[in-house]
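Architecture at a glance
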Amino acid sequence: MRKLYNSGKMAKKAAAMAVAVSLAFGGVYAGLPPASAQAAQTSYQTAYSTVTVDKAKFNAKVVYLVNLERRKAGLKPLTINTRISSTAKLKAADMSKKNYFDHTSPTYGSPFAMMKTYQITYRTAGENIAMGQKSPESVMVAWMNSNGHRANILNPGFKSIGVAYYNGYWVQQFIG
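Rules used throughout
- Residues numbered from 1 in each chain as written.
- Predicted model: local features only at pLDDT ≥ 70, side-chain atom pairs only at ≥ 80, totals over all residues.
- Heavy atoms only, no water.
- Helix = DSSP H or I, 4+ residues; strand = E, 2+ residues; numbered from the N terminus.
- Buried < 20%, exposed > 50% of the residue type's maximum accessible area, 1.4 Å probe, protein only.
- Areas by Shrake-Rupley, 256 points an atom, 1.4 Å probe, with all protein chains shown as cover.
- Core = buried A, V, L, I, M, F, W, Y, C linked by side-chain atoms within 4.5 Å.
- Expected span 1.5 Å × (residues − 1).
- Polar contact = N/O pair within 3.5 Å; in protein donor to acceptor, adjacent residues only side chain to side chain.
- Phe/Tyr/Trp six-rings, centres within 6.5 Å; stacked < 30°, edge-to-face > 60°.
- Salt bridge = Lys/Arg side-chain N within 4 Å of Asp/Glu carboxyl O.

Turning our attention to the overall build of the chain. The helix and strand tally for the chain stands at seven helices and four strands. When the helices and strands of the chain are listed from N to C terminus, the series reads α-α-α-β-α-α-β-α-α-β-β. Counting across all 176 residues of the chain, residues that qualify as buried make up 44%. Accessible surface, the chain as shown: approximately 9,200 Å² in total, 57% of it carbon and sulfur.

One finds Val62, Met140, Trp143 and Trp170 to be the most contacted residues of the largest nonpolar core, which totals 23 residues. Mapped by element, the contributors of at least two residues to this core are helix H2 (37-49), helix H3 (58-72), helix H6 (136-144), strand S3 (160-166) and strand S4 (169-175). It is H3 that contributes the most residues to this core, seven residues altogether. One finds Ala88, Tyr100, Phe101 and Ile129 within the second-largest nonpolar core, a separate group that totals nine residues.

Along an α-helix, residues three or four positions apart point the same way, because every turn accommodates 3.6 residues. Compared with an ideal rise of 1.5 Å per residue, which puts 16 residues at 22 Å, helix H4 (residues 82-97) spans 22 Å between its outermost C-alpha atoms and is within 8% of the ideal. Regarding H4, its N-cap is Asn81, as a side-chain oxygen of that residue lies 2.9 Å from the backbone nitrogen of Arg83 further along. Looking one or two places after H4, you find Asn99, whose phi comes out positive at around 50°.

A full pass over the atoms with the stated rule returns six aromatic pairs. Within the aromatic cluster, the residues linked to one another by ring pairs are Phe58, Tyr165 and Trp170.

Turning to the pattern of salt bridges, a few remarks are in order. The full count for this structure, using the stated rule, is three salt bridges. Its salt-bridge partner being Lys61, residue Glu137 comes within 2.7 Å of it at the nearest N-O pair. Taken as a pair, Glu137 in helix H6 and Lys61 in helix H3 lie far apart in primary sequence, 76 residues in all. Given the relative accessible area of 8%, Lys61 is considered buried. Between Asp94 and Lys98 there is a salt bridge whose closest N-O contact spans 3.7 Å. Its relative accessible area of 7% is what places Asp94 among the buried residues. Judged by relative accessible area, which is 48%, Lys98 ranks as partly exposed.

Pasting the structure below:
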């Protein structure tokens, strides 16, 4: 766990998850690998150079970029876990509303205690947090430039992810 300084209802949720799944497994990530390393690098650069400004798409773009990084490292993609997404959203909102930035929440305790409270089972788990980045691309660059955050993103033991952005606070929670 590392910190970084710099986050109709059912139909709406289902539509958001469909977009997230589409982004996580679509575009550059879908289908056969590119014909050349140069094509792969071009696709990778394009994914980061297209800055996402629509906050409704932030979470899906982070998942997409995480899976792009995992693909680049030869790892399987993470699947979106709706229960972990919910706890990530609660954590991001909690940090914003209570004006703190820490893995240990005054409301929920550690990320692991929070997962236990919400009856999320796992063999391995992790959390990345960030604050202040304006886009999914900028938060992912920051996380990938941090050894601890990169280790979580590229952990082969993780199988699922939940992502949240709330009022400048970013949370990724992982389980395996």
